[in-house]
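# Architecture at a glance
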Amino acid sequence: MTDELHSLTDLHTLEQLARTQGLDALDAALGEALARVPEEARVTLDGGPTVSPRTLRMIRSALALDAGFLRAHPEALFQCLFNRLRWFDAPDAEAFFTPTEHAPWSAADAHLHALAEHWRRQRDARNPAPWLEALRPLRGGLESREQLFRGHEAQVLCAAFSPSGERLATGAWDDEDNLRIWDVATGECTQVLQGHECEILDVAWSPDGKLLATGSRDHDVRLWDAATGALLHELTGQEGRVTSVAFSPNGRIVAAGNLGWRVRLLEVSSGEVLRELQGHEQSVLSVAFHPSGRYLATGASDDTARIWNVETGEQVALIEAEREVASLAFSPDGAWLALTVDEGIALVETQGWTRVRTVGGEGPYSQVAWLGNETLGALSYDRLVVLDARSGEISRSRPQESDGNERRVAFHPDGRRFAITAADGVVRMSDLASEPPPEPLSELARVDELWASPEAGLAVIPSSIFAFVLDGRGQVRQMRPEPYAAPGQPWVASPDGKLLAYPANHYEEGGMRALVVLLDVETLAPVRTLSAEPGPSEDGERSEPDARLVAFSPDGTSVAAVVEEGAVRLWRLADGALLHTLRGHEDAISLLRFTPDGAYLVSGSASSSRLLLHDTKSGAIAVDTRALLEPVVAYAAASRAPRICVGRRSGEVEIFELATASRRLVRVTEGAVVGVDLSPDGALAAACCDDGAVRLVDTRTGSILHELQHPALPFRVAFGDGVVITKANDEHGRFFSLSTGALLAEIPGHVEPDEAVHQEDWVVLGEDALALHRRQEPTPRIFFQDPMEQAFILRGGLVVGRGRSERDALYVLRIHGQG
């Protein structure tokens, strides 16, 4: 039996099983071994740690977290296992999490990180294929036995298990596809119910599990066939958002409460309103039927709960609370009503509707439910508790990571599991008895903004107060920008990576002044603050630009910025002297960059389609032309020749010879030219046309050499070594032969042609995974399980990304096997 333990903790065996028999066979082998190997069994690996059946369980959990990805990419088995196990119980993982009592790295048998490093040494000895090492812990616990339900694109607002517990219904903030039904056993979405145009605030199952009721922000209640997804009835135009819905025990009536202070009872068979319950003096937040079906309890923001006779619609009782009653529930035997109050959970006996006691002093709670006749489950902003309704003793207090938004919980009918909603669009189901995974430190748990200067090897993650600077070694340093950085505006690094520039705001008596702050990257200390007196305005008020653009010159001797609407300032870096104030735009500036030789500063206004080139020495306007600058920028400059080109809405490509101040206009389409590029020597131009073709133009003669046809609109293009790489709005990148125009390869996902041409490694943001390619190679060489919303490769082989599957998670990954 110990042979199995030894074999299934051997990396080569695991990889061979996954490669030859598949992930499911590997999981089955681990499960069978766990059934046979005694819990006390131990094996010490040659040159590695001592392993046990717990090791097999953790390997199995790690595989489950990345199962979908590994089925498609079994070659990534080591990468996934290493990144999960290495950070699980390593001493250096502690720095990434909030202090916790039951930390894996504090356990006496912490050994998984040592096993991961043991595998790394084995793999290095075999001259391995390239892989990605996570330099920060990945989200997802190995011991929490979480099951993830992924599919919503926005915050999930409500969840409910079917009476059998086999299905889970969820409602979310998505504009569409916002009501889903999931198979609890597999985590797969089995039904998407369409119809609600706004977020769904509550969902409830009928007692027989055949119907769903939903309430939404668009003031309506809907009844659905849960098997077919068909909409059966809808009640629209209520007085306010429908906050809570519930079926009667016999399934014939649905109660719906709204922010308009009213509750309506609907007949399920007809969808007609049976009666209206009026009496609350503020918004109704919660509704629940008594198990007998005779009574309905409602809670509201008027700090009361009210009891109604379902048959007559009369108010039977009023129960005072110290705060809004966000949630209430009857015990299964009908003897008690529990409702959320200021001090915890109030218990009301239902024979006389008398409030008897308050339990659960860790409140306030946002939600309460009965787990049997004597046990309550409740959710507060940062923990889930289970308590005895008679004594008030808390038997389980489970911390829950707060994501800054109200979360909702659904308890499984078996009373042992729960599902909790989150702002990242994922619903997580866990065992009540399991330990939650350690909670990441809040500063970098979620990343809303990510700015990167790949050539300088730097990335910046701004937050509300602090900024975090990440370098090519993977080190993250925290700083507090003074003055405060302008929110949502780009941070830029100098070409040599020694300076960082960020737009800032300074408030003074005359109003706000826009600044540019320069930081020393080594110390993160301010080097210089750049500003200038604003020019005259018609109303005498300072006008802050929408886009606070900053650009360093290619030689790193000057910096340009938009600190005033319609004007560009150019400063010398050595002493901060203002060299020029460059004017000419009457509308907001949306483009700012230097030409590759630094001789000209390019600025553009998307709203007016105007593009200007200012001479950086004299400040004079050298080029004043029209160009299409949104949704993408139809401007390009040759890297080895003083030549630029622009694309126009009228169908022409305009080519400028900056040395001679001459220009050539070439019509390439009857529609618009939405994107352009120039070959390094400027001899060829590529024009993305809205008729679906990319046309290659000889800039000297104006003749069209090739037409590269696309099934969708191409909008970005770049010249490579013997290839032309394009990006189209069908989310595909394409490689074409420069000499023949033939299509060489298609790549699914978001491809940035300029990155594919110039970077040693470049990324494709795919549907299900992130792919890394070598320069100008269409075949990927490494995959990572999160496709990511943003990803940058910094100089030195560091990948920095913002998660998509794990919404806004920060990834820092090291590329191994660069050769």
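Our structure's up above, just so we're on the same page.
So, a few notes on the structure that sits alongside this text. (Residues numbered from 1 in each chain as written. Predicted model: local features only at pLDDT ≥ 70, side-chain atom pairs only at ≥ 80, totals over all residues. Heavy atoms only, no water.)

## Remarks on the environment of G619
What counts here: Counting from the N terminus, the helices are DSSP H or I runs at least four residues long and the strands are E runs at least two residues long. Each residue is placed in one exposure class: buried if its accessible area under a 1.4 Å probe, protein chains only, is under 20% of its type's maximum, exposed if it is over 50%, and partly exposed if it falls in between.
Within the secondary structure, G619 is located in the loop between β46 (610-615) and β47 (621-626). The buried category is assigned to G619, whose relative accessible area is 19%. Taking C-alpha positions, G619 is 9.2 Å from R583, a pair spaced 36 residues apart along the chain.

## Considerations on helix α6 (residues 77-86)
Burial analysis of α6 places ten of its ten residues in the buried class, which makes it a mostly covered element. Residues of α6 that are buried include every one of L77, F78, Q79, C80, L81, F82, N83, R84, L85 and R86, and no others.

## Regarding the packing of helix α4 (residues 53-65) against α6
What counts is decided by this rule: As a rule, the C-alpha atoms of each element are fitted with a line to give its axis, helices using only the stretch in contact, and angles between N-to-C directions run from 0 to 180 degrees. By definition in this entry, angles of less than 35 degrees are roughly parallel, angles greater than 145 are roughly antiparallel, angles of 65 to 115 are roughly perpendicular, and the rest are oblique. We call a crossing left-handed when the near helix sits turned anticlockwise from the far one by less than a right angle, and right-handed when that turn is clockwise. Any two residues whose heavy atoms approach within 4.5 Å are treated as being in contact. Three classes are used: nonpolar for Ala, Val, Leu, Ile, Met, Phe, Trp, Tyr, Cys and Pro, charged for Asp, Glu, Lys and Arg, and polar for all others, with Gly counted as polar.
Running from amino to carboxyl end, α4 crosses α6 at an angle of 115 degrees, the nearest separation of the two axes being 9 Å. By the criterion of interaxial angle, the relationship of α4 to α6 is roughly perpendicular. Crossing of α4 against α6: the hand is right-handed. In contact with M58, I59, A62, L63 and L65 of α4, α6 contributes L77, L81, R84 and L85. By residue class, the composition of the contact of α4 with α6 is eight nonpolar, no polar and one charged.

## Focus on the environment of M788
With respect to the element layout, M788 can be found in the loop between β63 (782-784) and β64 (790-794). The spatial distance from the C-alpha of M788 to the C-alpha of Y811 is 9.0 Å, given a sequence separation of 23 residues. If we skip the residues at most four places from it in the chain, M788 touches L765, L770, G801, R802, G803, R804, Y811 and L813.

## A closer look at the sheet that holds β64
We apply this condition: Only strands joined by at least two bridges in the DSSP assignment are considered to pair.
Taken in spatial order, the four strands line up as β3-β66-β65-β64 in an open sheet, and their pairing is antiparallel. In this open sheet, the two edge strands, each paired with only one partner strand, are β3 (131-134) and β64. Sheet twist, expressed as the average angle between the axes of neighbouring strands with direction ignored, equals 30 degrees. Sheet analysis places strand β65 (residues 798-802) next to strand β66 (residues 810-816), joined by five bridges and oriented antiparallel. What sits directly across from G801, in β66, is Y811.

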